[in-house]
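As a plain string of letters, each chain reads:
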Amino acid sequence: MDDDKKLEEVKKVRKVWEEKVHAPSAKRFRMEDRPTEFHSPDEIPDFDFLRDVGFPGQYPYTAAPYAVNLVPNIRRGAKPGGLRRAGWYSGYGTPEDTRDYYLEMKKLNWLGGPNLAQDLPTQCGYDSDNPEMEGEVGKVGVAVDTLRDFEVIFEAFTEKQELDKIATNFTNNAAANIMISNYLALADKRGVSWSKLKCTPQNDILKEFVSRGTYIFPPTPSMRMFRDSLTFFTEHLPGVNITSIGGYHIREGGASREEELAFAMSIGIAYLQEGVNAGVDIDAFAPKFTFNGFGGSMEVYKEVAFHRAVRRMWAKIVKERFGAKNPNSMRIRVPLFAHIGCSSTTKQRALNNLSRTVVGAMAGVLSGGSPLAFPPYDEPLGLGWSLEARQLAEDATRIVMYETNMCDVIDPFAGSYFMEGLTNEIEEAAWKEIDRIEAMGGAVKAIETGYMQQIVSKSAADRQKKLDNGETLLVGVNCFTEDYELDVTTSKMIEHPYSEESRYAAEQKQIDNLKEVKRTRDNREVTRLLKELDVAAKDESKNLMPLFIDLAKSYASLQEQCDVLRNVFGEWTMDAFI
């Protein structure tokens, strides 16, 4: 019997099973509205293993981006695969506060370079002494106004943790080029070669327009800034990534799984095209693209399928659309695989979040990567995880890694009728949305018209409605909330250094810091360079990165530079498309 006849036979038998066995059982147990599913080969009749899945670490990377699971050896301070990686996302208050925090963490063996959270004024291009920023300085990250602030923060990273021995991440998008210029200026002051730096700026400005909101300039001049970093990094900074694209933020903002995938891929296409338009070979810069993560949920099977679709789609885009030949261009680089997403955590009965993240860690393994019990359980309780929560999260990850042996197998669902069908379904839905965006003129146009923003807003409202009406269940929030249920807590063993007193004192301290910098620097040189920036910004052909580096060395402030660009590029507001 050939394959087609076998599939027809399966269909016939399935039909009989559904009518005679499955339906009566569902009725008996009152499960007609949501009967248990079972999947069979007739659902993926055209399945081709080598074309659709392939082996781990080989095109189309559906199974996994690498051939092995990066599980560290059991030793003090071990990191997956021995890689140089930045540590936990962190930073608050003044640069001195953040420096001291990193020094304390080093005593507790929390190693790795800084994964630097910056406050909202910094991310939006404002200085700490701007009166409109009152109350925000140092609040959700560290304040960075000038090179002086980097000099202070990185006092925590010297000798065995010198700049050429650590990896550093910056969460900045609109002003990412200015932040990287501070880092390069700092490297020059310390005598560290640019060629030895390992660094990742987020530098994903298009996502900011869709969800996160820390944009400054309109999309088109923002893409000019992206072009400048892409070409400059490719030529001068071999170890510095160009971007860390964030589908995660789009899902957290409310987008559906398929919308997030389509929007993230469309944004990635726009960035790739920017490099090609600048005359850079695709294989020279695509390997320096990373994704900082994608969204997550408690729907394990769908998240596993989602990540398989992510890898396959990115590989196809880079190879088939842009003609890449280097496998490293096609292999998506992402540190976080399937997980639950911070929006799945709850303030109510918060310790339940640990159980949720263990489910997410197991999903990470099933999706073709390493487990990560993320985020720490107290994520919804306020900024800054407690050390107790971080310990529990770290141990949960270790338990999945070392006690379950799940990491011994990559992509255990490969070839599953159910999983292959679900992967195809998610991918097909994302391609349809990408086609709609392409018909509009691409991601930039879809943002300028407000299309992506409106889709995310509508989906966010739909998600909330399902929670409110009980269609989506959340234990301890909209079900199992009776008085006899216990809200279990843990004891606090170590006081977190991010105290209310520190936060409220930070603003004036940072204003005083900036005032002193402006008093002692060469203000004539700053004025001269800012005028040069104004002229260069008006010339589309000019790369602004060298000027930003000179401005950093002159201790020009962030807002001084951004204000020059605001006058040239204009500013973007949310109602620009209404």
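Residues numbered from 1 in each chain as written. Predicted model: local features only at pLDDT ≥ 70, side-chain atom pairs only at ≥ 80, totals over all residues. Heavy atoms only, no water.

Draft legend 1. Just the packing of aromatic side chains, in detail. Evaluated as defined, the whole model comprises 24 aromatic pairs. Taken together, a centroid distance of 5.9 Å and an interplanar angle of 75° make the contact between Tyr 92 and Tyr 101 edge-to-face. Like Tyr 92, the residue Tyr 101 is buried in the burial classification. In this arrangement the basic side chain of Lys 106 is found over the ring face of Phe 157, its NZ or CZ atom lying 6.0 Å from the centre. Over the ring of Tyr 126 we find Arg 566; its NZ or CZ atom is 4.3 Å from the centre of that ring. (Phe/Tyr/Trp six-rings, centres within 6.5 Å; stacked < 30°, edge-to-face > 60°. Buried < 20%, exposed > 50% of the residue type's maximum accessible area, 1.4 Å probe, protein only. Lys NZ or Arg CZ within 6 Å of the ring centre and 35° of its normal.)

Draft legend 2. Local environment of the confidence of the model for the protein. In this model, the protein carries a mean pLDDT of 93, and residues with pLDDT of at least 70 account for 96%. Predicted confidence is poor over residues 79-83, with pLDDT under 50, and the contacts of this stretch with residues over four places away or in other chains come to seven contacts. (pLDDT = per-residue confidence, 0-100. Contact = heavy atoms within 4.5 Å.)

Draft legend 3. Structural view of helix H1 (residues 3-28). The end-to-end C-alpha separation of H1 is 35 Å, in line with the 38 Å expected for 26 residues at 1.5 Å each. What H1 keeps buried is the set Leu 7, Arg 14 and Ala 26. Arg 30 sits one or two positions beyond H1 and adopts a positive phi of about 55°. (Helix = DSSP H or I, 4+ residues; strand = E, 2+ residues; numbered from the N terminus. Expected span 1.5 Å × (residues − 1).)

Draft legend 4. Local environment of the packing of helix H6 (residues 176-190) against helix H21 (residues 545-553). Running from amino to carboxyl end, H6 crosses H21 at an angle of 60°, the nearest separation of the two axes being 8 Å. Taken together, the axes of H6 and H21 lie oblique to each other. Pair H6 / H21 crosses with right-handed handedness. The segment H6 lies against H21, with Asn 177, Ile 178, Ile 180, Ser 181, Asn 182, Leu 184, Ala 185 and Asp 188 engaging Met 545, Phe 548, Ile 549, Ala 552 and Lys 553. (Axes fitted to C-alpha atoms, helices over the stretch in contact; angles between N-to-C directions. Parallel < 35°, antiparallel > 145°, perpendicular 65-115°, else oblique. Left-handed = near helix turned anticlockwise from the far one by under 90°.)

Draft legend 5. Highlighting the environment of Gly 442. Tracing the backbone shows Gly 442 in the loop between helix H16 (417-440) and helix H17 (443-448). Overall, the relative accessible area of 10% leaves Gly 442 in the buried class. Note: C-alpha distance between Gly 442 and Asp 563 (121 residues apart in sequence) is 29 Å.

Draft legend 6. A look at the side chain of Glu 433. Relative to the assigned elements, Glu 433 resides in helix H16. The class for Glu 433 is buried, based on a relative accessible area of 7%. With sequence-adjacent residues up to four places away left out, Glu 433 is seen in contact with Ala 262, Phe 263 and Tyr 451.

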